[in-house]
Each structure stands twice: as C-alpha cells, then as structure tokens.
Amino acid sequence: MANASAVQNNQSEKFIRMTTEPVQRLVLRLAVPTIISMLVTTFYNLVDTLFVRQLENDSMVAAVGVVLPLMSIIQAFGFFCGHGSGNYISRALGRRDTEDAETMASTGFFYAVVFGLVISVSGLLFLEPLGILLGAKTEATLSSTVDYMRWILMSCPLQCGAIVINNQLRMQGNAMFAMVGLTTGAVLNCVLDPLFIFASGDMLFGGAFEMPIGLGMGVGGAACATAISQSVSFVLLAIGMLRSDTIRIRIRRIRLRYFSGIVQGGLPSLARQGLASVATACLNHAVGLFLLDGVMIDAVQAAMTGVSKITLFLSSALIGFGQGFQPVCGFNYGAKKYDRVLEAYFFCVRVAAVALVIFAVLGFVFAVPITDAIAGSTALSAEIAAFTFRAQLIVFPLQAWVMLCNMMLQNIGMTFRATVVAMARQGLAFIPMVFLLPAVLQLCGAEPLLGLECAQAAADVISFLISLPIGIGVIREMREAMKKDDG
C-alpha cells in the first residue's frame, strides 16, 4: 500500500509539473534526452552503413537500402502500438485516470509483440521472394539482402516491444530512462559492427586500420550486430520501466477491446512508417524500371541508401525535439489547457525551423565529404549521392512544420487529419513523384536519373503544402475552444 501511495504521489506531482511549469523550459528539459536518444540511434544506422561501405561492394551497400522497407514495416507496427498506447496514456494521466493508462500500456505492448512474431515468422519462411518484393534487382544484391534480412527478422518481436516501452516511457515524461536503453544498444551496435562484419587482417578506411580480430560475416554481420543490440535495448528499457515511477505492464491488465484506442493514436504512425516502407520499395523498383545497366542500378541504390541514412540522422534531432513536445501536448490537452498546447507548439516550430536552416546550409557546403563517407564505394555512386543530398537540403527546413504538425495532431487524438499529414510526405507525394518525374524527364529527352534524384525534394514541398492548411485549421479550433471556455 505504501508503495502504491508513493507512485500515486509521484503521478500527482508529475501532473502538476506538466500542466504548470513554463512550457519552453519544460519542452527543452524533456527534449534533451529524446534528442540524444534519436541522434545516437540514427548515428549507429550511419555507422552500420559506413562499415558495410568498407567492404567496397555497391551490391552490399544497396542490400542495406533494399532492407530499409522491411525495417520501416517493423518500426511501423512498433510505432503503431507505441504511439497509439503512449498518446492514450498521456491523455489518461492528464485526466488522472491511472488505471485506464495501465490497461492501455499492457495492451499496447501485447499487440506489438504479436505483430512482431507474425512479421518474423512470415519473413523467415519467404526470404528470397521478400527480397525481390523489396526491390533487389541483381543476383549479388539479392544474396546480400537475404543475409541481412535473416537476422533482422529473428529479432523482430523484441524490436517491436522495445519501441513500445520507449514510447510509453517518454510519453509519461520519463525520457531519461528511454534514453539510457536506446543509447546503450546503439553504442553496443557500433562496437559489434566491425567485429562481426570483418575478419582478422582486413584493412579498413583505405588501409589506415587493420582489424586485429573479427568473425568475417560480411553484410550479414551488420544485421547480426543490430539484432543483438536491439535485444539488449529491450532488456534495458524493461528494467527502466520497472525502476521508474511509470505505470506498469501487467498481463492481467491486457484488454483486447483497447485496440480501438491504439488505432486512434497510432494509425498516423502506421500510415507514415508503412508508406515509408512502400516508398523505399517503389524507389528500388523505379531504379530498375528507368535504368537498365546493372552497375548503374547498384550505384544508384547504394547512393540513395546513403542519402536516406544521412537525412534521417539530420532529421532525428527534429524528431527528438518533437518528442519532448509530445508529453507536454498530451498532458495539457487532456487537462484542457489549450493555451499551453499552442504556446509549446509555436515555440517548437520556431526553434526547429532555425535549426534545420543551419543543418541545411552546413550540409550543402560539406555535401561531398559527408556523402563520400556513407553512400556507396564508387565514384559514380558518390556523385549521385552528393547531388541528391543537396537537392533535399534546399527544402529541408519545411519539415519543421510538417513533422511537428503531425505530432500535435496525433497526440491530441485527431486521427484522420494526423493520418493525412503522416501520409503526405512518403505516400501522397513521394510515391507518385518517384515514377512521374523520371517519366516526364525521359519524355522531354532528359536523363530519368535526374527525376529519381529530385523526387524526395519535390515530395517535401508537396507535403508542406498539404499540412499547412490542416495545421492552421486545428490551431483555429483550439483558439475558438479557448474563447468558449473564457466566455
């Protein structure tokens, strides 16, 4: 009873802090650990590709890109359950309904593990057909893709579970525990990558470093290192949940009927990540459709893989910053403190826009050395990567509005509008662009490769134009609700 009373007191103190502390200071305090978590997590993805690049084989780098849609699908179901349950939990705690929040936490975790098991078993049964479906276009790329996918699929249930616990922790304002779990796994992955990929005596970084020991597993070693690291993160996140003042995951609390609540808060994430998977697969297939030479196909896929990893790393700071905003948004919206929701939102948009402008300028200036380190191992892939990266950076700051608008809509339970914004960048915009731009340029007598290189930049502009009026409309609705409450 004493322990339960202590937890209840902690929850009450947290409610008071989340609904009364100045929002700018609150967002910044919550955002620091989430920014660190996102930067470290995406950095190890960069390191993963960096080490695979040392194998000096564009087919292997391309294979990492081919597997990206599978990784996006796994993340899609993890975020579906994690964001769906996490958003529900933050609003429930804003209403001071701890029992309801605990039931959702348990149910969201259960569904995530089940989805992970289904993906794992299905993928392992059909490895080669799955590789072809994801966009492997040459024999060498398909072989490397299968080696990479096998390990990722085996760890899928734990990956989904880790994503859910991470989101539930930070949506309750315990981002520090989430940061420790994620960053430890990420650092471990960076250490294991070279040990698993290379053999003893292999030379790295142009002969500058010789591996003293190693398992020599090649591209499959990178995936094995990732699988082990994700499993360690899962264990640490589970320990963090048990040792913090958060609500607990209990088997007896699982209620299948809470699935509708997961859908309400998680459908935008499922749409966003699911379409990211489809979009990457479409890019792989568009490369094979408009380019016929095998060497060129591998070079383009390797270049696009590197650029996607680099831009994800840059945008991860924005995602982490937005994750600091989300619990503030959820708690205060649940408490009907709309003025604090809007104050926090506009503060985040201003800070994010300035930061992305700085990132874009620096990235544009240093595009060549940045892409050379990650995107492919040939001069051809390096040239394609540098141009594609610069094209995306020109419109990169627009994502400040798009991403934060999506997070706000999702967090306050406006499922349909949040889903539209979530679908805009990779679904409503990118998928048509990746086929239309190369086709139009080809009809005009230009190289279709230019269309592939500019497709993401065009999609970013379109997604901004879609999300801007939606976000403005919701802001007006909250201001009208404030006027009614004042009246």
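Our subject in this report is the structure included herewith.

Rules behind the numbers
Residues numbered from 1 in each chain as written. Predicted model: local features only at pLDDT ≥ 70, side-chain atom pairs only at ≥ 80, totals over all residues. Heavy atoms only, no water. Helix = DSSP H or I, 4+ residues; strand = E, 2+ residues; numbered from the N terminus. Rg over C-alpha atoms; globule rule 2.2 N^0.38 Å. Buried < 20%, exposed > 50% of the residue type's maximum accessible area, 1.4 Å probe, protein only. Contact = heavy atoms within 4.5 Å. Phe/Tyr/Trp six-rings, centres within 6.5 Å; stacked < 30°, edge-to-face > 60°. Axes fitted to C-alpha atoms, helices over the stretch in contact; angles between N-to-C directions. Parallel < 35°, antiparallel > 145°, perpendicular 65-115°, else oblique. Left-handed = near helix turned anticlockwise from the far one by under 90°. Nonpolar A, V, L, I, M, F, W, Y, C, P; charged D, E, K, R; others polar. Core = buried A, V, L, I, M, F, W, Y, C linked by side-chain atoms within 4.5 Å. Salt bridge = Lys/Arg side-chain N within 4 Å of Asp/Glu carboxyl O. Polar contact = N/O pair within 3.5 Å; in protein donor to acceptor, adjacent residues only side chain to side chain. Patch = residues over 30% accessible without salt bridge, like charges linked within 9 Å, V, L, I, M, F, W, Y side chains within 5 Å. Areas by Shrake-Rupley, 256 points an atom, 1.4 Å probe, with all protein chains shown as cover. Expected span 1.5 Å × (residues − 1). Bend = angle between axes of the 7 residues up to and from the residue.

Each helix and strand in the protein chain was counted, giving 17 helices and two strands. In terms of overall dimensions, the protein chain is globule-like: its C-alpha atoms have a radius of gyration of 22 Å, near the 23 Å expected for 487 residues. C-alpha atoms of the protein chain, sized along the principal axes, occupy 65 × 50 × 40 Å. Out of the 487 residues in the protein chain, the part that is buried amounts to 58%. Within the protein chain, counting contacts between residues at least 6 apart in sequence, those at least 24 apart form 83% of the total.

Within the structure shown, the criterion is met by 14 aromatic pairs. Both rings, one in Phe109 and one in Phe234, keep their centres 6.2 Å apart while their planes meet at 20 degrees; by these two values the pair is stacked. Of this pair, Phe109 sits in helix 4 (residues 98-125) while Phe234 sits in helix 9 (residues 219-243); the two residues are 125 residues apart in sequence, bridging distant segments of the chain. Residues Phe109 and Phe234 agree in their burial class; the two are buried.

Take the packing of helix 11 (residues 294-334) against helix 14 (residues 379-394) next. Where helix 11 meets helix 14, the axes come as close as 8 Å, and the angle between the chain directions of the two elements is 40 degrees. The angle between helix 11 and helix 14 falls in the class oblique. Relative to helix 14, the crossing made by helix 11 is right-handed. On helix 14, the residues touching Met296, Ala299, Val300, Ala303, Met304, Val307, Ile310, Thr311 and Leu314 of helix 11 are Leu380, Ser381, Ile384, Ala385, Thr388, Phe389, Gln392 and Leu393. Considering only residue class, the contact of helix 11 with helix 14 consists of 13 nonpolar, four polar and no charged.

The biggest cluster of nonpolar side chains holds 132 residues, and the ones touching the most others in it are Leu70, Tyr345, Leu452 and Met478. Among the elements that take part in this core, helix 11 stands out by supplying 16 residues, more than any other. Residues contacting Met478, with those up to four places away along its chain left out, are Tyr333, Tyr338, Val341, Leu342, Met408 and Ile412.

Moving on: the pattern of salt bridges. Under the defined criterion, the tally for this structure stands at eight salt bridges. One salt bridge connects Arg25 with Glu21, and the closest N-O pair in it is separated by 3.4 Å. Close ionic contact of Asp460 with Arg425 constitutes a salt bridge, the shortest N to O distance being 2.5 Å. With a gap of 35 residues between them, Asp460 in helix 17 (residues 448-486) and Arg425 in helix 16 (residues 415-443) connect regions that are remote in the sequence. For Asp460, a relative accessible area of 1% gives the class buried. Salt bridges sharing common partners tie together Glu99, Glu102, Arg250 and Arg253.

On to the side chain of Asn406. When you line up the elements, Asn406 lands in helix 15 (residues 399-411). In this structure Asn406 comes out as buried when scored by relative accessible area, which is 6%. For Asn406, the side chain forms a polar contact with the main-chain oxygen of Ala418, separated by 2.9 Å. The residues contacting Asn406, other than those within four sequence positions of it, are Pro268, Arg272, Ala418, Val421 and Ala422.

For the rest of this paragraph, the subject is the packing of helix 5 (residues 127-134) against helix 6 (residues 139-154). Across the interface, helix 5 lies against helix 6 with an axial gap of 9 Å and an inter-helix angle of 110 degrees. The angle between the axes of helix 5 and helix 6 places the two elements in the roughly perpendicular class. Taken as a pair, helix 5 and helix 6 cross one another with a handedness that is right-handed. Along its contact with helix 5, which presents Leu127, Glu128, Leu130, Gly131, Ile132 and Leu134, the element helix 6 presents Leu142, Thr145, Val146, Met149, Arg150 and Leu153. Counted by class, the contact of helix 5 with helix 6 contains eight nonpolar, two polar and two charged residues.

The subject of this paragraph is the environment of Gly135. Tracing the backbone through its elements, the reader meets Gly135 in the loop between helix 5 and helix 6. C-alpha of Gly135 to C-alpha of His285: the two residues are 150 residues apart in sequence and 5.5 Å apart in space. Setting aside residues up to four positions removed in sequence, Gly135 forms contacts with Val66, Asn284, His285 and Gln301.

When you line up the elements, Ala344 lands in helix 12 (residues 338-365). For the pair Ala344 and Val64, spaced 280 residues apart in sequence, the C-alpha separation works out to 38 Å. With near-sequence residues (within four places) excluded, Ala344 lies in contact with Val23, Val27, Phe325 and Val328.

Turning our eyes to something else, we now look at a nonpolar patch on the surface. A cluster of nonpolar residues, Val354, Val357, Ile358, Val361, Leu362, Val365, Phe366 and Ile370, forms a patch on the protein surface that exposes about 690 Å² of accessible area. Counting residues per element, the nonpolar patch draws most heavily on helix 12, at six residues. Inspection of the secondary structure assignment puts Phe366 in the loop between helix 12 and helix 13 (367-374). For Phe366, a relative accessible area of 45% translates into the label partly exposed.

Okay, helix 3 (residues 58-94) next. Given a rise of 1.5 Å per residue, 37 residues ought to cover 54 Å, and the 51 Å separating the end C-alpha atoms of helix 3 matches this to within 8%. At Leu68, helix 3 shows its maximal bend, which comes to roughly 30 degrees, and the proline Pro69 appears one to four places after that position. For helix 3, a buried count of 33 out of 37 residues is recorded, marking the element as mostly surrounded by other parts of the structure. Regarding helix 3, its N-cap is Asn57, as a side-chain oxygen of that residue lies 2.8 Å from the backbone nitrogen of Ser59 further along. Where helix 3 terminates, the next one or two residues include Arg96, which has phi positive at roughly 65 degrees.

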